[in-house]
Amino acid sequence: MSADKTTYAEFLIRRLHSLTGLAPLAVFLGFHLFANSYSTKSGGAFNSIVDSLRGMPYLPFIEWGLLLSPFIFHMVAGVWIIVTGQPNILRQNRPRNWAYVAQRVTAIVVFVFIIYHVVTMKYVYLDSTPMDYYEILRAKFATPWIYWWYVIGIGCAAFHLANGLCTFCMTWGITVTRQSQRLTAAALAAAGMILFAIGLTALNGFTHG
Ligand code: HEM
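Residues numbered from 1 in each chain as written. Predicted model: local features only at pLDDT ≥ 70, side-chain atom pairs only at ≥ 80, totals over all residues.

A look at the overall build of the chain
Quick note on the threshold: Counting from the N terminus, the helices are DSSP H or I runs at least four residues long and the strands are E runs at least two residues long. All radius of gyration figures rest on C-alpha atoms, and the globule criterion is 2.2 Å times the number of residues raised to 0.38. The burial label depends on the number of other C-beta atoms within 10 Å of a residue's C-beta. Counts of 20 or more mean buried, 12 or fewer mean exposed, and intermediate counts mean partly exposed, with C-beta atoms placed from the backbone. Remark: residues whose backbone-derived C-beta atoms lie within 7 Å of one another are considered to be in contact.
A count of helical and extended segments in the chain gives eight helices and zero strands. The order of helices and strands in the chain, counted from the N terminus, is α-α-α-α-α-α-α-α. Over its C-alpha atoms the chain spans a radius of gyration of 19 Å, differing by no more than 12% from the 17 Å that the globule rule assigns to 209 residues. The buried share among the 209 residues of the chain stands at 20%. Put simply, 79% of the contacts in the chain that link residues at least 6 apart link residues at least 24 apart.

Observations concerning unusual backbone geometry
Residue P24 is bonded to the preceding A23 through a cis peptide linkage, with omega at 15°. One non-glycine residue, Y58, adopts positive backbone phi at about 60°. Mapping Y58 onto the fold places it in the loop between helix 2 (43-54) and helix 3 (59-84).

Quick look at the site of the ligand
The test is simple: As a rule, any residue with its backbone-derived C-beta atom within 6 Å of a molecule or strand is reported as near that molecule or strand.
Within the structure, the ligand sits among 27 residues, and S18, G21, G78, G164 and T167 are positioned closest to it. Put simply, the parts of the chain that give the shell around the ligand at least two residues each are helix 1 (2-36), helix 3, helix 5 (97-125) and helix 7 (144-171). A total of eight residues in the shell around the ligand trace back to one element, the largest contributor, which is helix 7.

Things to note about the packing of helix 5 against helix 7
Put simply, the rule is: Simply put, an axis is a line fit to the C-alpha atoms, just over the touching stretch for a helix, and the angle between two N-to-C directions goes from 0 to 180 degrees. In what follows, roughly perpendicular refers to angles from 65 to 115 degrees, roughly parallel to angles under 35, roughly antiparallel to angles over 145, and oblique to any angle outside these ranges. Crossing handedness is defined as follows: a turn of the near helix away from the far one that is anticlockwise and smaller than a right angle gives a left-handed crossing, while the clockwise case is right-handed. Residue polarity follows a fixed list, in which Ala, Val, Leu, Ile, Met, Phe, Trp, Tyr, Cys and Pro are nonpolar, Asp, Glu, Lys and Arg are charged, and the others, Gly among them, are polar.
Two elements in contact, helix 5 and helix 7, have axes separated by 8 Å at closest approach and are oriented at 135°. As the angle between them shows, helix 5 and helix 7 are arranged oblique. Helix 5 and helix 7 meet at a crossing whose hand is left-handed. Taken together, the residues of helix 7 that come into contact with helix 5 (itself represented by A99, A102, Q103, T106, A107, V109, V110, F113 and H117) are I152, G153, C156, A157, F159, H160, N163 and G164. Across the contact of helix 5 with helix 7, the residue classes break down as 10 nonpolar, seven polar and no charged.

Things to note about the packing of helix 6 (residues 133-141) against helix 8 (residues 178-207)
One way to put it is that helix 6 packs onto helix 8 with a least axis distance of 8 Å and a crossing angle of 95°. By the angle between their axes, helix 6 is roughly perpendicular relative to helix 8. Residues L137, R138 and F141 of helix 6 pack against L203, F206 and T207 of helix 8. Grouping the amino acids of the contact of helix 6 with helix 8 by side-chain chemistry returns four nonpolar, one polar and one charged.

Describing the nonpolar core
What counts, and what does not: Remark: nonpolar core denotes a set of buried Ala, Val, Leu, Ile, Met, Phe, Trp, Tyr and Cys residues whose joining runs through C-beta atoms within 7 Å.
Counting residues in hydrophobic clusters, the biggest one holds 23 residues, and the most contacted among them are I154, A157, A158 and L203. Only helix 2, helix 6, helix 7 and helix 8 provide two or more residues apiece to this core. Here this core gets nine residues from one element, more than from any other, and that element is helix 7. In contact with A157, not counting residues within four places along its chain, are L29 and V110.

Brief notes about the environment of L59
Mapping L59 onto the fold places it in helix 3. Taking the C-beta count within 10 Å as the criterion, L59 has 11 such neighbours and is therefore assigned exposed. Distance from L59 to G199, taken between C-alpha atoms, is 24 Å for residues 140 residues apart in sequence.

As for helix 6
The condition is simple: The arc in question is traced by the directions running from the helix axis to the C-beta atoms.
The set of residues buried in helix 6 consists of Y133, Y134, L137 and F141. Take helix 6 and look down its axis: the buried residues cluster within an arc of 90°, on one side only. Looking at the buried positions of helix 6, the neighbouring elements they touch are helix 2, helix 7 and helix 8.

What about helix 8?
What counts here: Given the number of residues in a helix, its expected span is that number minus one, multiplied by 1.5 Å.
Given a rise of 1.5 Å per residue, 30 residues ought to cover 44 Å, and the 43 Å separating the end C-alpha atoms of helix 8 matches this to within 8%. The set of residues buried in helix 8 consists of A185, G192, L195, F196, G199, A202, L203, G205 and F206.

Topic: the environment of M170
Tracing the backbone shows M170 in helix 7. The partly exposed category is assigned to M170, around which 18 C-beta atoms lie within 10 Å. Sequence spacing of M170 and T20 is 150 residues, and the spatial spacing of their C-alpha atoms is 16 Å. Those residues in contact with M170 that sit more than four places away from it in its chain are T175 and Q181.

Pasting the structure below:
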């Protein structure tokens, strides 16, 4: 009886974990890297996009209700999935074993990176409005380890998202045949590389500006 309950609870947690990976996380990551690409336009263009995002109505609800709460859930449930190493059907599928491991390795890197990123951006570097965000970030990214830490963080997030969408399609029965899974994997690998390129372009907007 209690074993059945645990199984059902686990099933729900896994499904919610999967859904939160798509929305809001995947949607937000795409939007976030796109918005940051204003760094390639000019310091003024970047500052005004940040100011308008920070000036949005219902900001605390959007930040905490729609973004951070589901994100924290995905992170905590993700750590639980990694630590408990629950049986996963993908593990049986030998060619995808490396992707299964890489999904977990990138999850850990992104976990550390996101905490660093949110804490430093929200509470240390950019803790009041209005200010010259662009200049502050330009100075930060001039430090080599910070720049390369961002390259690694963006790369891991892009991989985790692209490979995650692949497993999402399997989890929800969208791709069932081996051929559809191969095609989806190829399309999402390309999408992941494009996302990585957009992230790097946004980052380089601060160093080559
Ligand atoms: C940029 C941030 C992130 C995005 C966009 C994202 C997105 C996704 C997506 C779309 C999936 C696929 C869900 C599925 O297979 O149905 C996934 C899986 C996963 N995520 Fe994330 N995620 C992010 C951050 C994290 C973090 C910080 C962790 C923390 C440990 C994490 C842990 C996991 C794990 C363990 C899986 C695999 C679950 C499984 O195979 O059953 N993710 N993620």
